[in-house]
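Structural overview
Chain by chain, the residues:
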Amino acid sequence: MAGAVTLVGGGASVTVASADTTPQPEVGAGAYDGVLDNGATWVAHVPQRWNGTVVLFAHGFGPLRAQDAPNEETRQALLDRGYALVGSSYSGPSLWALETAVDDQFGALAAFEDLLGVEPERTIAFGRSMGGLVSARQAEDPRGEIDGVLTTCGIVAGALNLNNYQLDGVYTLSHLLGVDVPLVRYESAEQAQQAADALIAAVTAAQGTAEGRARIALASAYLDLATWYSGDAPAPQDDHAAQQVQQYQALIDGGGLERYVTGRQQIELAAGGNSASNVGVDYRELLESSPHAEQVWGLYQDAGLDLEADLATLTRDADVEADPEAIADLTRSSMVTGDLEVPELAIHTVADELVPVEHEDWYEELVHRAGEDRQLRQAYVQGTGHCEFQPAEQVAALQALEQRLDTGRWHGVAEPERLNAAADTLQLGTTARFTEFDPPRLVGGLGEPGREHRR
């Protein structure tokens, strides 16, 4: 890179373009927007002094509104450091917009480059949640435009896994708590919301009894729910009741249960049917693969319930079949192969009630099977909540990825101590929380114990 300078902080160095030699945009600093031919909108920001890098931001599941950063604080931190930002709305009609999102992102990038009037020296795709799946797909198909990918709280195990393990958990709640609602093939968003409301009411009532709490814990194990939702640390391993309270709060207070149901309706709308199946699933084997199995056994024993009987009932009565067309659609639009063509750094909080950190374990193995381990690094933040990152943590991760692009090697820049030191050097008013962490396996994932399907 011509005219490059090296910034050093906390033992990590990041090479960026010198403002004196980087060609500057033909437009002034500020916000810009536009509309693509298919009706998707895009928004962008140009900094006061460009460092030559464009960050292509992919937003998460929700309203189809163009965004170029996860929040205003992170946007400003990036602009202050010279990054130009752009992102699209996607074009829908479903909120699960994977059918069009990748093309819409590249369309927004092309429109922004035309506006800038100069070629970026580097483009980094930055995805969040569902947008993390978008950016992970771009890492496999960069189209000569994307140099590297930062995936944050990403649904990197894809829609087929998401639909399956969420079905396991919601089916358990419905079947064992006696809630007769449709679990798949919703005819409308209103029908899905009614089902969610009925399940939430039943779980709220069940939390008041030992039997109910045990069965909620069983469903939570299938949902890969961490035993940490609030407070400064996870519930103690030997305090099964406290662990269950944390899972219940994630389900109800954190909005997990409502999203599992209403989000499914949007994915079905996009896929043209139901992709999830539990026919042939062994619910005992599923539980045995969970790190929360001991907790569930303990709560069942305390409640005087027969866990073996419940597991047998779940296995015997599982009758949800998938629509082959929906599986084919989501396999094409909403899954990854692990065959990375550009470097990718993925970050995740250790406790995420909507996209559990177990996605990262499944994804890492997929990348390993594709022989692309050298391209991927994963880092974990000691925090709770979906996408609850500090601006400094995201900027530090982006700069670590940039160093990988500059040198061709990771050189340990994605290690927790290096990321924390780099984040603290940014002086954005918070203390970074990257930590050593080994995520558990994805309970109920494709190819995992109890679900005999191939990856």
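Residues numbered from 1 in each chain as written. Predicted model: local features only at pLDDT ≥ 70, side-chain atom pairs only at ≥ 80, totals over all residues. Heavy atoms only, no water.

1. Re the overall build of the protein
When its secondary structure is counted, the protein shows 15 helices and 11 strands. Against the 2.2 N^0.38 benchmark of 23 Å for 455 residues, the protein shows a C-alpha radius of gyration of 22 Å, consistent with a compact globule. Considered along the principal axes of its C-alpha atoms, the protein spans approximately 75 × 45 × 35 Å. Buried positions account for 60% of the 455 residues belonging to the protein. Of all intrachain contacts in the protein linking residues separated by at least 6 positions in sequence, the fraction that spans at least 24 positions is 77%. Looking at the protein as shown, the accessible area adds up to about 17,000 Å², and 47% of this sits on carbon and sulfur atoms. Each charge sign in the protein was given a centre, from 27 positive and 69 negative side chains, and these centres are 3 Å apart. (Helix = DSSP H or I, 4+ residues; strand = E, 2+ residues; numbered from the N terminus. Rg over C-alpha atoms; globule rule 2.2 N^0.38 Å. Buried < 20%, exposed > 50% of the residue type's maximum accessible area, 1.4 Å probe, protein only. Contact = heavy atoms within 4.5 Å. Areas by Shrake-Rupley, 256 points an atom, 1.4 Å probe, with all protein chains shown as cover. Lys, Arg positive; Asp, Glu negative; His and termini not counted. Charge placed at Lys NZ, Arg CZ, Asp CG, Glu CD.)

2. Description of the pairing of strand E10 (residues 376-384)
Here strand E9 (residues 344-351) pairs with E10 via seven bridges, running parallel. When the bridges of E10 are listed, Glu-344 appears paired with Leu-376. For the handedness criterion, the β-α-β arrangement of E9, helix H13 (residues 358-369) and E10 is classed as right-handed. Note: E10 against strand E11 (residues 434-435), two bridges, orientation antiparallel. Note on E11: the bridge partner recorded for Tyr-380 is Thr-435. (Pairing = 2+ DSSP bridges. Right-handed = clockwise from strand over helix to strand, strands pointing away.)

3. Some points on helix H5 (residues 189-206)
The terminal C-alpha atoms of H5, which comprises 18 residues, lie 26 Å apart, in line with the 26 Å expected from a rise of 1.5 Å per residue. Residues of H5 that are buried include every one of Ala-192, Ala-195, Ala-196, Leu-199, Ala-202, Val-203 and Ala-206, and no others. Along H5, the residues classed as buried sweep out an arc of 130° about the axis, all on the same side. Across from the buried face of H5, at angles greater than 90 degrees, the exposed residues are Glu-190, Gln-194 and Ala-205. (Expected span 1.5 Å × (residues − 1). Arc of directions from axis to C-beta.)

4. Side note on the environment of Leu-160
With respect to the helices and strands, Leu-160 occurs in helix H4 (residues 158-177). For the pair Leu-160 and His-386, spaced 226 residues apart in the sequence, the C-alpha separation amounts to 20 Å. Filtering out sequence-adjacent residues up to four positions away, Leu-160 remains in contact with Ser-275, Ile-327, Leu-330, Thr-331, Met-335 and Leu-446.

5. As for the nonpolar core
Core analysis: the biggest nonpolar cluster contains 104 residues, and Val-86, Trp-96, Phe-112, Leu-218, Tyr-222, Tyr-283 and Leu-287 have the highest contact counts within it. In terms of nonpolar packing, the next biggest core, distinct from the first, is built from 33 residues, Ile-124, Ile-347, Val-395 and Leu-419 among them. (Core = buried A, V, L, I, M, F, W, Y, C linked by side-chain atoms within 4.5 Å.)

6. With respect to the state of the cysteines
Taken as a whole and judged by the stated rule, the model has one disulfide. Note on cysteine connectivity: Cys-153 is disulfide-linked to Cys-387, with sulfurs 2.0 Å apart. As the torsion about the S-S bond is roughly 100°, the Cys-153-Cys-387 disulfide counts as right-handed. Taken together, the residues Cys-153 in the loop between strand E8 (148-152) and H4 and Cys-387 in the loop between E10 and helix H14 (391-407) connect sequence positions 234 residues apart. (Disulfide = S-S within 2.5 Å.)

7. Overview of the packing of aromatic side chains
The tally for this structure, following the rule as stated, stands at four aromatic pairs. On the basis of an interplanar angle of 85° and a centroid distance of 5.2 Å, the ring pair of Phe-57 and Phe-126 is categorised as edge-to-face. With Phe-57 in strand E5 (residues 53-58) and Phe-126 in strand E7 (residues 122-128), the pair connects residues that are 69 residues apart, well separated along the chain. Seen in terms of ring centroids, Tyr-222 and Tyr-283 are 5.3 Å apart; in terms of plane orientation they differ by 65°. Their pairing is edge-to-face. Taken together, the residues span a long stretch of sequence, with Tyr-222 in helix H6 (residues 210-222) and Tyr-283 in helix H9 (residues 283-288) at a distance of 61 residues. By relative accessible area, Tyr-222 is classed as buried at 0%. These aromatic residues form a ring-pair network of at least three members: Tyr-171, Tyr-222 and Tyr-283. (Phe/Tyr/Trp six-rings, centres within 6.5 Å; stacked < 30°, edge-to-face > 60°.)

8. Overview of the side chain of Glu-268
Examined against the element boundaries, Glu-268 turns out to sit in helix H8 (residues 256-271). Put simply, Glu-268 is tucked away with no salt bridge, and the nearest opposite charge, on Arg-264, sits 5.1 Å away. In this structure the side chain of Glu-268 is engaged in a polar contact, spanning 2.7 Å, whose partner is the backbone nitrogen of Arg-185. Apart from residues no more than four positions distant in its own chain, Glu-268 is found in contact with Val-184, Arg-185, Tyr-186, Gly-273 and Asn-274. (Salt bridge = Lys/Arg side-chain N within 4 Å of Asp/Glu carboxyl O. Polar contact = N/O pair within 3.5 Å; in protein donor to acceptor, adjacent residues only side chain to side chain.)

9. Quick look at the sheet that holds strand E6 (residues 84-88)
Spatially, E3-E4-E6-E5-E7-E8-E9-E10-E11 is the arrangement adopted by the nine strands of the open sheet, whose pairing is mixed. Bordering the open sheet on either side are strand E3 (30-35) and E11, each of which pairs with just one other strand. Seen against the sheet, helix H3 (residues 130-140) touches E5, E7, E8 and E9 and runs at an angle of roughly 145° to E7. Sitting on the sheet, H14 touches E5, E7, E8, E9, E10 and E11, and the angle it makes with E7 is about 140°. (Axes fitted to C-alpha atoms, helices over the stretch in contact; angles between N-to-C directions.)

So, to be careful, I would describe these as geometric facts and stop short of saying anything about function.
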